[in-house]
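Coordinates in review
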Amino acid sequence: MIDLHLTRGDNYEGVYLRLPATPAEVGESYAMLDSISRYAGETHIVDVKSPVKNLAQFIKSADLAKQEDLEKLNRLAEKIGSMTVLERTLFSGALWTESMNSLDDVLRVADRLEDYEIIPEVTCDRELGGYVVEHGLVMDFPEAVRPYLDYVGLGAEYYADHGGAYTMDGYVMRRDGQPEQAPEHTVFSAYLRSHCGAKRFRFYFPAAEEALENAKQRLQIDSFAEAEVEALDCDIPYLVDLLPASCISVEDINELALAVEEMKQTDGETLKYLSVLSVEQPEDFPAALRLSINLDDYERVPEDASEYGEEVLHRLGADDEVLDAIDGYMDFAAFGEAQMQEDGVRRTEFGLIRRCSSPFPEQGHGLVMS
């Protein structure tokens, strides 16, 4: 079962709703909130009581006003109600192990508890390092070298590469022993490490608020200002090479990942961004993020000079009828080449690009390779 603490507006006491619940029971809870709150407003889940101790952060953003969310929460409550104590422990650890971005992800893990196992009494990096060595999970360590091994470091590295989660009862990990699987929609991945170096693991972007809160819990930090980003990787070739590493933050990576996801919906947008980065060469990561936000200020340019000449004439107000009338009496290619120079068009590995608001500075004759 799951008990939700609901509040609204200026009321901090709120009401409690036990799941599974019918729409009528939810309606009664909302009516009670109406009676004790002076102001109408959004209903919030501020606390969750459940046999799965860490469940609250993964379901707090659910909207009970949506029938779909209510149905998913009811299904989850029923699943938890039928779990054994061991299964609840596995479920709690598995929620830490995987990247949770939605109620669907939570339900998916609840349906696949057989994919996880618990290593009893392994509750920290040192104990995990000892288990890794003892069971040869990475390699066979000769007895003679074992007294000199860094068990904390070995455990931390295994944890970072394979995911998993420490619970009071042991270490929960994927049964296949394989590294944590990237979510379906992933742009960036990186290792996150707390400043004190106690925790390090791979994280995937973009991530929903629940996944970001999950990451803070796993790192045992209150803010991502207390974390470092290491080994940023990307599913788009060349993008990481063009992104500056200075002033990088988890929040900015996530925002850029969301922007890149949107770019992917339009043909040529990611190539445009790569071209812009190549020419503008931003000094730090926030500057690269700003370029992604202002991408409409840039335009990809066709390689054919004649085609570009026609585009410029269209931009100046000429329609197809005018272009047909002057066809044969105008050198569109020569005009296009001259306009490329005037517009500051730059050639990059990813195509030709121009800045609409103000031309790129001129750098000699011809198109400059950036």
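Refer to the structure presented above.
Summarised in this report is the structure supplied together with it. Note that this is a predicted model, so its numbers are computed, not measured.

**Thoughts on the pattern of salt bridges**
Summed over all chains, the structure comprises 20 salt bridges. Its salt-bridge partner being Asp104, residue Lys72 comes within 2.9 Å of it at the nearest N-O pair. Taken together, the residues span a long stretch of sequence, with Lys72 in helix α3 (residues 67-81) and Asp104 in helix α5 (residues 103-111) at a distance of 32 residues. Overall, the relative accessible area of 11% leaves Lys72 in the buried class. A residue is classified by how much of its surface remains accessible, and Asp104, at 42% relative accessible area, is partly exposed.

**Thoughts on the packing of aromatic side chains**
Any two aromatic rings considered together are summarised by their centre-to-centre distance and by the angle between their planes. The final tally for this structure, using the stated rule, is seven aromatic pairs. Pairing Phe58 with Trp96 gives two aromatic rings, centres 5.9 Å apart and planes at 70°, and the pair type is edge-to-face. One end of the pair, Phe58, is in helix α2 (residues 56-59); the other, Trp96, is in helix α4 (residues 85-97), and 38 residues separate them in sequence. Residue Trp96 is classed as buried on the basis of its relative accessible area of 14%. Within the aromatic cluster, the residues linked to one another by ring pairs are Tyr159, Tyr166 and Tyr171. Its end group placed over the ring of Tyr30, Arg8 keeps NZ or CZ at 5.4 Å from the ring centre. The ring of Tyr191 carries Arg202 above its face, with NZ or CZ at 4.4 Å from the centroid.

**Overview of helix α7 (residues 151-162)**
Taking 1.5 Å per residue as the helical rise, α7 with its twelve residues ought to reach 16 Å, and the 16 Å between its terminal C-alpha atoms agrees with that figure. For α7, every residue scored as buried is listed here: Gly155, Ala156, Tyr158, Tyr159, Ala160 and His162. Sitting at the amino-terminal end of α7 is Asp150, which places a side-chain oxygen 3.4 Å from the backbone nitrogen of Val152. Of the residues one or two after α7, Gly163 is the one with positive phi, at around 70°.

**Describing the packing of helix α11 (residues 269-280) against helix α12 (residues 285-293)**
One way to put it is that α11 packs onto α12 with a least axis distance of 10 Å and a crossing angle of 135°. Taken as axis vectors, α11 and α12 run oblique relative to one another. As α11 runs across α12, the sense of the crossing is right-handed. Only Ala288, Leu289, Leu291 and Ser292 of α12 make contact with α11, whose side of the interface consists of Tyr273, Val276, Leu277 and Glu280.

**Focus on the sheet that holds strand β12 (residues 351-355)**
As summarised here, the arrangement of the three strands in space is β10-β12-β11, forming an open sheet in which the pairing is antiparallel. In this open sheet, the two edge strands, each paired with only one partner strand, are β10 (298-301) and β11 (346-348). Strand-to-strand twist across the sheet, computed as the mean angle between neighbouring axes with direction ignored, equals 35°.

**Comments concerning the layout of surface pockets**
By volume, the second largest pocket is sized at about 280 Å³. Lining the second largest pocket we find 13 residues, and of these Lys53, Thr89, Ser92, Thr167 and Asp169 sit closest to its centre. Contributing elements (two or more residues each) for the lining of the second largest pocket: α4 and β5 (165-167). In the lining of the second largest pocket, the residues fall into six nonpolar, four polar and three charged.

Rules of the game
- Residues numbered from 1 in each chain as written.
- Predicted model: local features only at pLDDT ≥ 70, side-chain atom pairs only at ≥ 80, totals over all residues.
- Heavy atoms only, no water.
- Salt bridge = Lys/Arg side-chain N within 4 Å of Asp/Glu carboxyl O.
- Helix = DSSP H or I, 4+ residues; strand = E, 2+ residues; numbered from the N terminus.
- Buried < 20%, exposed > 50% of the residue type's maximum accessible area, 1.4 Å probe, protein only.
- Phe/Tyr/Trp six-rings, centres within 6.5 Å; stacked < 30°, edge-to-face > 60°.
- Lys NZ or Arg CZ within 6 Å of the ring centre and 35° of its normal.
- Expected span 1.5 Å × (residues − 1).
- Polar contact = N/O pair within 3.5 Å; in protein donor to acceptor, adjacent residues only side chain to side chain.
- Axes fitted to C-alpha atoms, helices over the stretch in contact; angles between N-to-C directions.
- Parallel < 35°, antiparallel > 145°, perpendicular 65-115°, else oblique.
- Left-handed = near helix turned anticlockwise from the far one by under 90°.
- Contact = heavy atoms within 4.5 Å.
- Pairing = 2+ DSSP bridges.
- 1 Å grid on protein atoms, 1.4 Å probe; cavity = no way out; pocket = protein on both sides within 12 Å on 5 of 7 lines; lining within 4 Å.
- Points joined across faces, edges and corners; volume = space filled by probe spheres on them.
- Nonpolar A, V, L, I, M, F, W, Y, C, P; charged D, E, K, R; others polar.

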